[in-house]
Amino acid sequence: MKESIPLTWRKIPDRYRLLGSLCKNCNSHYFPARHVCPKCRRKGKIESYQFSGRGRVFSFTEIHAPPAGFEEQIPYVMAIVELAEGARCTGEIVDVLKKDMQIGDEVEMVFRKIQSNDPEGLIHYGFKFKKVKK
Amino acid sequence: MRKVAIVGVGMTKFGEHWERGFRDLVTEAGVKALEDAGMSGAEISAGYVGTMAAGSLIGQEHTGALIADYMGLNPIPITRVEGACASGSLALRQGLMAVASGMHDVVVVGGVEKMTDLDTAEVSEILGGAGDQEWELFLGATFPGLYAMMARRYMHDYKATEEMLASVAVKNHKHGSMNPLAQFQNEITIQDVLDSKMVADPLKILDCSPLTDGAAAVVLAPLDIAKKYTDTPIEIVASAQASDTIALHNRSSIAGVKAAQIAAQAAYKQAGVSPSQIRVAEVHDCFTIAELMAIEDLGFFSKGKGGEASLNGETQIGAKIPVNTSGGLKACGHPVGATGIKQAVEISWQLQGEAGKRQVSGADIGLSHNVGGSGATAVVHIYKRVN
Ligand SMILES: [Zn+2]
């Protein structure tokens, strides 16, 4: 999917360094950032929050039929990562294949190129994860 | 609120209709439904249509107006509704509410999708829009990939196997082989599924529903005048809808669809029936894992037991609870916006005793379960034969 320059630009803090939200009222963490805490609604007190980037694999898959822009990467592992603070996000696990993966594996955020086939010439960067070596 | 019945149904054959366009398909389904109700069209006072992505798939928005025009129904008010793969059931629910409230008397409800005008990769990307475009798809997930992560977690939590997943596709192809309107009417084996090309591990191509062109339509009327139009009206005795987070990763559990559980509970309460009273069900098997979760979310089997039940044949015609007698999304096909309406059409035929070779004997109460995206929208309807 093509993404415009304004969209790419405004996602930079979240995508480049996992900047999300914390609700000071109920201590829930959110990624990506939200303006309303779904638990507290109007009583919520949302602040910007910098995630540590550490987490565990909640589930994963190995993609063989890629979306546009990922053709050269297959097969690659995508996962739902439960961040140490409690929020979850979806991201690629780099440098592994399915056979190396288990639910519960410890991972940490890395900064990588996401895709670069944008017709406007944009190179999209952002977070991925890699397994923490034990 | 007034009681509402389906008084006419119709659908096109599902498949790759390269020679026919969006408006041809939806007109055929609509005309068949009107014919089935013995109506000229003058009786219709409003229309609702479900289509997910006509704008992206064929470059056409404003599809409500287009359909009223080509069905010769101007100047009725007609409204398009969208809820990804659940668009059809949302349209049915809108039509039901319009008749139940007394705002309209007789309404036509359609669902349609024309999906084979673009190549598969483009269509897959468009369907991905049913998930979170910015925080799932853009980062490299695919729509099958999201369901694959549900499958992996389900298998992890309940010790389910890839054979259990495959058994859903095998059963749905078997049912599809008895449906002359199904896209696939061939039978397959568990080994065929396991040997098919990997899409998003553990889901293979035969775990996935196909891309399909097709349309379906129903005519709704107040129950008290339904017999004017048909000898066999089908009362819609429950309609429930629920929502959840757009992104899969934000759900507390991904080994089930919470919105479907909530909609199902609400629907059973409205209808005053229990899961064990349902004689036939059409459920949303966009991927094989989705059917295993559905038969648990609907209360047919307890949590984690759906895989074994499916492998043991308990969801086949003639068994405990026949699921997806049409062939489901897997074999009948999945023209996204049409699916929810096709489910209502199939249940109507079953409850009328008109389902031919795939007839479930004694079917008097049926259910449809339609899910949008990876579970951010879910709709459950319950239907009863009127004696
Ligand atoms: Zn809060």
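These numbers come from a predicted model, not from an experiment.

Rules used throughout
Residues numbered from 1 in each chain as written. Chains lettered and ligands numbered in written order. Predicted model: local features only at pLDDT ≥ 70, side-chain atom pairs only at ≥ 80, totals over all residues. Heavy atoms only, no water. Contact = heavy atoms within 4.5 Å. Buried area = accessible area lost by both parts, 1.4 Å probe. Salt bridge = Lys/Arg side-chain N within 4 Å of Asp/Glu carboxyl O. Polar contact = N/O pair within 3.5 Å; in protein donor to acceptor, adjacent residues only side chain to side chain. Helix = DSSP H or I, 4+ residues; strand = E, 2+ residues; numbered from the N terminus. Nonpolar A, V, L, I, M, F, W, Y, C, P; charged D, E, K, R; others polar. Donors = N, O, S within 2.8 Å, 3.2 Å for Na, K, Ca; no water. Tetrahedral: all angles 85-135°; square planar, octahedral: opposite > 155°, others 65-115°. Buried < 20%, exposed > 50% of the residue type's maximum accessible area, 1.4 Å probe, protein only. Core = buried A, V, L, I, M, F, W, Y, C linked by side-chain atoms within 4.5 Å. Domains from an automatic or database assignment. Axes fitted to C-alpha atoms, helices over the stretch in contact; angles between N-to-C directions. Parallel < 35°, antiparallel > 145°, perpendicular 65-115°, else oblique. Left-handed = near helix turned anticlockwise from the far one by under 90°.

**Things to note about the interface of chain A and chain B**
- Each partner contributes to the interface: chain A provides 35 residues, whereas chain B provides 26 residues.
- A buried area of about 2,900 Å², summed over both sides, lies between chain A and chain B, and 61% of it is on carbon and sulfur atoms.
- Of the charged contacts, one joins Asp201(B) and Lys98(A) as a salt bridge, the two residues approaching to 2.9 Å between their closest N and O atoms.
- Our enumeration of links across chain A and chain B arrives at 15 residue pairs in polar contact (both at pLDDT 80 or more).
- Contributing elements (two or more residues each) for the side of chain A that touches chain B: α1 (5-10), α2 (12-17), β4 (54-63), β5 (76-83), β6 (88-93), β7 (106-115) and β8 (124-131) of chain A.
- Counting residues per element, the side of chain A that touches chain B draws most heavily on β4(A), at 6 residues.
- When its residues are assigned to classes, the side of chain A that touches chain B shows 20 nonpolar, 6 polar and 9 charged.

**Here's the deal with the coordination of the zinc ion**
All names here are of chain A.
- For the zinc ion, the full set of protein donor atoms is Cys 23 (SG), Cys 26 (SG), Cys 37 (SG) and Cys 40 (SG), at a range of 2.2 to 2.4 Å.
- Because the angles between the 4 donor atoms bound to the zinc ion fall within 102 to 114°, the donor set is best described as tetrahedral.
- Sequence spacing among the residues donating to the zinc ion works out to C-x2-C-x10-C-x2-C.
- Judged by relative accessible area, Cys 23 falls into the buried class, the value being 0%.
- Among the residues examined, Cys 26 registers a relative accessible area of 29% and is labelled partly exposed.

**Regarding the nonpolar core**
- Grouped together as the largest cluster of nonpolar side chains are 98 residues, with contacts concentrated most on Ile93(A), Tyr147(B), Ile278(B) and Ile382(B).
- Considering each element in turn, this core owes the most residues, 9 residues, to helix α7 (residues 143-158) of chain B.
- The two domains that each donate at least three residues to this core are domain 1 (4-118 + 212-234) and domain 2 (126-210 + 236-385) of chain B.
- Those residues within four positions of Ile93(A) in sequence are excluded, and the remaining contacts are Val57(A), Val77(A), Ala79(A), Val81(A), Met101(A), Val107(A), Phe129(A), Lys130(A) and Lys131(A).

**Re the packing of helix α1 (residues 22-36) of chain B against helix α3 (residues 63-70) of chain B**
Residues and elements named next belong to chain B.
- Orientation of α1 relative to α3, taken along the N-to-C sense of each, is 60°, at an axis distance of 10 Å. Considering their axes alone, α1 and α3 lie oblique with respect to each other. When the axes of α1 and α3 are compared, the crossing they make is right-handed. Between α1 and α3, the residues in contact are Phe 22, Arg 23, Val 26 and Thr 27 and Thr 63, Leu 66, Ile 67 and Tyr 70, respectively.

In short, geometric facts, not functional conclusions.
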